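# Summary of the model geometry
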Amino acid sequence: RAFALVLVLALLGTTLVGQAMAAGGVSRSELTAAEAAADEAEQSLAQARSALAVVESTRTRLTTTLERLAARRLSDLAEATNTESALRIRIATMYMAAGGRIEPIVVGDVASFSTRVAYLAAVTEDDRDTLNRSLLSANDIAALQESARNQLAIAEAQIMELAAVETARSAALDSARTRLIQV
């Protein structure tokens, strides 16, 4: 029974479509073309939305990266300031321990004095290198931030372009569906 009912409905539907096509002058090829145009417009819109989602994801990732870099740069600068302060205190202490004085000094033991000065020079060089590395790290982060900002600006421009493409393709899909309904 169910099969007979489905068969009757299919034949009735085919007859009605055939009569409508004959009455309106619509051919099967026109209907197929309208369906194909609607499908193509739908796929085109889906591609535009997919591309837009990818770029929006990139924008979100870049925004998060910029926030992390800003926090890290502040942390590195604070650490560099603390390191510089500690190094200055240490250098002053070592300088005094190595025999540095404001007034002229008389060196009694040249070998001992030379050893102290050499030690002071080696330690202060290491301290300066540490401080320079810390400051360079903060400056590298600034360069990374600038690069991320540039990439974010590019992503924003792409989002605007893709949003316009999405709007155009959505309108094209509406038009194709309207044409299909008319056919």
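Quick notes on the rules
- Residues numbered from 1 in each chain as written.
- Predicted model: local features only at pLDDT ≥ 70, side-chain atom pairs only at ≥ 80, totals over all residues.
- Heavy atoms only, no water.
- Helix = DSSP H or I, 4+ residues; strand = E, 2+ residues; numbered from the N terminus.
- Buried < 20%, exposed > 50% of the residue type's maximum accessible area, 1.4 Å probe, protein only.
- Contact = heavy atoms within 4.5 Å.
- Areas by Shrake-Rupley, 256 points an atom, 1.4 Å probe, with all protein chains shown as cover.
- Salt bridge = Lys/Arg side-chain N within 4 Å of Asp/Glu carboxyl O.
- pLDDT = per-residue confidence, 0-100.

### Some thoughts on the overall build of the chain
In terms of helices and strands, the chain carries three helices and zero strands. Across the 183 residues that make up the chain, the buried fraction comes to 22%. Pairs at least 24 apart in sequence give 89% of the contacts found in the chain among residues at least 6 apart. When the accessible area of the chain is evaluated, it comes to approximately 12800 Å², of which 61% is carbon and sulfur surface.

### A closer look at the pattern of salt bridges
Scanning the entire structure with this criterion turns up four salt bridges. E156 is the salt-bridge partner of R59, the closest N and O atoms lying 3.4 Å from each other. With R59 in helix α2 (residues 28–97) and E156 in helix α3 (residues 110–182), this residue pair connects regions lying 97 residues apart in the sequence. A relative accessible area of 31% places E156 in the partly exposed class. Of the charged contacts in the structure, one is a salt bridge between R149 and E146, with a shortest N-O distance of 3.4 Å. Separated by three residues within a single helix, R149 and E146 lie in helix α3, roughly one turn from each other.

### Looking at the confidence of the model for the chain
The pLDDT averaged across the chain works out to 77; a share of 64% of its residues lies at or above 70. Across the chain, element-level confidence peaks in α2 with a mean pLDDT of 86 and bottoms out in helix α1 (residues 2–24) with 59. Scored below 50 in pLDDT, residues 102–107 makes three contacts in the model with residues more than four places away or belonging to other chains.

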